[in-house]
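Each chain is listed here by its residues.
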Amino acid sequence: MQDNLANGTMSHTDWNSIDWNQANRVVRNLRQRIFKATQAGVFIKVRQLQKLMLRNYSNTLISVRRVTQVNAGKYTHGVDKVIVKTPEARSILVDEIQQFQPWKTQPARRVYIPKSNGKQRPLGIPTVLDRVHQARVKNALEPEWEAKFEGISYGFRPGRGCHDAIMAIYGFSRPNKKKKWVVDADIKGAFDNIDHEFLLNAIGNFPARQLIKKWLKSGYVDKNVFHDTEAGTPQGGIISPLLANIALHGMEDALKIKRANSSGVVVGTRGVVRYADDFVVFCETKEDAEKSICELQTWLAERGLTLSEEKTKIVHLTEGFDFLGFNVRLYNRPSTPTGYKLLIKPSKKSLQSFKDRLKTEWMSLRGANATAVIHRLNPIIRGWANYYRIGNSVDAFKHLDMFMFLRAVRWAKRQHPGRSWKYITQKYWRQWNK
């Protein structure tokens, strides 16, 4: 693995002989240097390191691998219908990207996926080449903004996730805290309506700024008809979540949230937790919660965004609210010192949605043997249980356990019509049954 020489012949990449440990180390070190330079405020050095990252060979290798092997949508094509599946094709793709050439972006392919409320969510699928370039640009841009982002943001950030957001919610919702009024907010079409000019101004003089502008303005193709994009960043692009976080940066300052200088703990009358475009604001009074909504509307308007009237509401913690699939609520418990008990449980909506999925899987497994049933259902159950293992999920797990047992009984009876219940239990539920 060697870098291309200036004014020399293009090297040929052998995908099967790449040292991935070295490539990952090079990219990780560059990202750390960009992060530290941003923290130190040496922005000349930041830009130099970002330029180095954008032309780095290891960054290209990691980006191609991510798009064509790691990502779930690796076999999803764009408007050019190109899919990269073989090591030889990946090698050619790396060599092609490493050549310096003016880049012309292609429009995204519009597809629709169903939402939980029955509506459809539009996705924009870029071409493989555009996705690789977006991954390369993201590795250069993300470390700079990770040094700037507020601690309240948890969505689509390295080293952070849903469980971290729920733990932050727990910190604000404990019974001994004063902020018991909650603004359960949702931004209306956040990805589709972000103002391009505001976003590009926020990015500043980033070396690949014009390339990002081309992606934003590239448009999309829906049913063989081209459409311009005057606002928004397409859901489905690798760099889109980062751009959305950049656009929504500054919410804590907009709400005038105060923190202690030494520990960083919130000491003011408000608190906020944001995951992508979903967020909750904690206030001490209902009047302050209403005021915070007005302040957020003004702040979001600068970014071309508005709050969803149907999904944004003010609730007391004793009523509870749903966030990231969990229900957060204070229950009356006179025996406790505060008179309340905080429980964070899987929401009823999440529980019912999972049961519906399990039912569909069971129906599709009619006639399949026990081994096929186990291989199909175990990963699904394990994934759901791992996500909801935090909080107070024991009652939900018990309920699902009984649900699965009854479903298994129905499946077993269908497998062996005419057989006695004793035969079925001996076959599937006796002790030490292999």
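Per an unreviewed UniProt entry, the chain goes by RNA-directed DNA polymerase and derives from Epilithonimonas pallida. According to the UniProt record, the Sequence similarities (unreviewed entry) comment for the chain is "Belongs to the bacterial reverse transcriptase family."

Draft legend 1. A look at the layout of surface pockets. Reported here for the largest pocket is a volume of approximately 1700 Å³. Looking at the largest pocket, it is lined by 41 residues, and the ones nearest its centre are Ser116, Arg121, Asp186, Asp278 and Lys311. Secondary structure elements with two or more residues in the lining of the largest pocket: strand 2 (120-125), strand 3 (181-186), helix 7 (190-193), strand 7 (278-283), strand 9 (321-323) and helix 13 (348-364). A class-by-class count of the residues in the lining of the largest pocket yields 15 nonpolar, twelve polar and 14 charged.

Draft legend 2. Examining the packing of helix 3 (residues 57-70) against helix 4 (residues 87-98) more closely. Where helix 3 contacts helix 4, the axes come no closer than 10 Å and their chain directions differ by 135°. Looking at the two axes, helix 3 sits oblique to helix 4. At the point where helix 3 passes helix 4, the crossing takes the right-handed sense. Across from Tyr57, Thr60, Leu61, Val64, Thr68 and Gln69 in helix 3, the residues of helix 4 making contact are Arg90, Leu93, Val94, Ile97 and Gln98. Across the contact of helix 3 with helix 4, the residue classes break down as six nonpolar, four polar and one charged.

Draft legend 3. Structural detail: the pairing of strand 10 (residues 326-332). Of all seven residues that make up strand 10, five are buried, and the element is covered over most of its length. In the sheet, strand 9 pairs with strand 10 via three bridges, with the strands oriented antiparallel. Paired with phenylalanine 323 across the two strands is phenylalanine 326, which belongs to strand 10. Where strand 9 folds back on strand 10, the antiparallel hairpin that results is connected by two residues, among which leucine 324 adopts a positive phi of roughly 55°. Both strand 10 and strand 11 (residues 340-346) contribute to a ladder of seven bridges, which runs antiparallel. If you follow asparagine 332 over to strand 11, its bridge partner there is tyrosine 340.

Draft legend 4. Just the pattern of salt bridges, in detail. In total, this model carries nine salt bridges according to the counting rule given. Bridged by salt links that share partners, the residues Arg47, Glu144 and Lys148 form one connected network.

Draft legend 5. Inspection of the packing of aromatic side chains at higher detail. All told, the structure shown has 16 aromatic pairs when counted by the stated rule. For the ring pair tyrosine 428 and tryptophan 429, a centre distance of 6.2 Å and an interplane angle of 65° mean the geometry is edge-to-face. Its relative accessible area of 35% is what places tryptophan 429 among the partly exposed residues. Taken together, Phe326, Phe354, Trp384, Tyr387, Tyr388 and Phe397 form an aromatic cluster joined through their ring pairs.

Criteria and thresholds
Residues numbered from 1 in each chain as written. Predicted model: local features only at pLDDT ≥ 70, side-chain atom pairs only at ≥ 80, totals over all residues. Heavy atoms only, no water. UniProt positions renumbered as here; feature names shortened; annotations may be inferred. 1 Å grid on protein atoms, 1.4 Å probe; cavity = no way out; pocket = protein on both sides within 12 Å on 5 of 7 lines; lining within 4 Å. Points joined across faces, edges and corners; volume = space filled by probe spheres on them. Helix = DSSP H or I, 4+ residues; strand = E, 2+ residues; numbered from the N terminus. Nonpolar A, V, L, I, M, F, W, Y, C, P; charged D, E, K, R; others polar. Axes fitted to C-alpha atoms, helices over the stretch in contact; angles between N-to-C directions. Parallel < 35°, antiparallel > 145°, perpendicular 65-115°, else oblique. Left-handed = near helix turned anticlockwise from the far one by under 90°. Contact = heavy atoms within 4.5 Å. Buried < 20%, exposed > 50% of the residue type's maximum accessible area, 1.4 Å probe, protein only. Pairing = 2+ DSSP bridges. Salt bridge = Lys/Arg side-chain N within 4 Å of Asp/Glu carboxyl O. Phe/Tyr/Trp six-rings, centres within 6.5 Å; stacked < 30°, edge-to-face > 60°.

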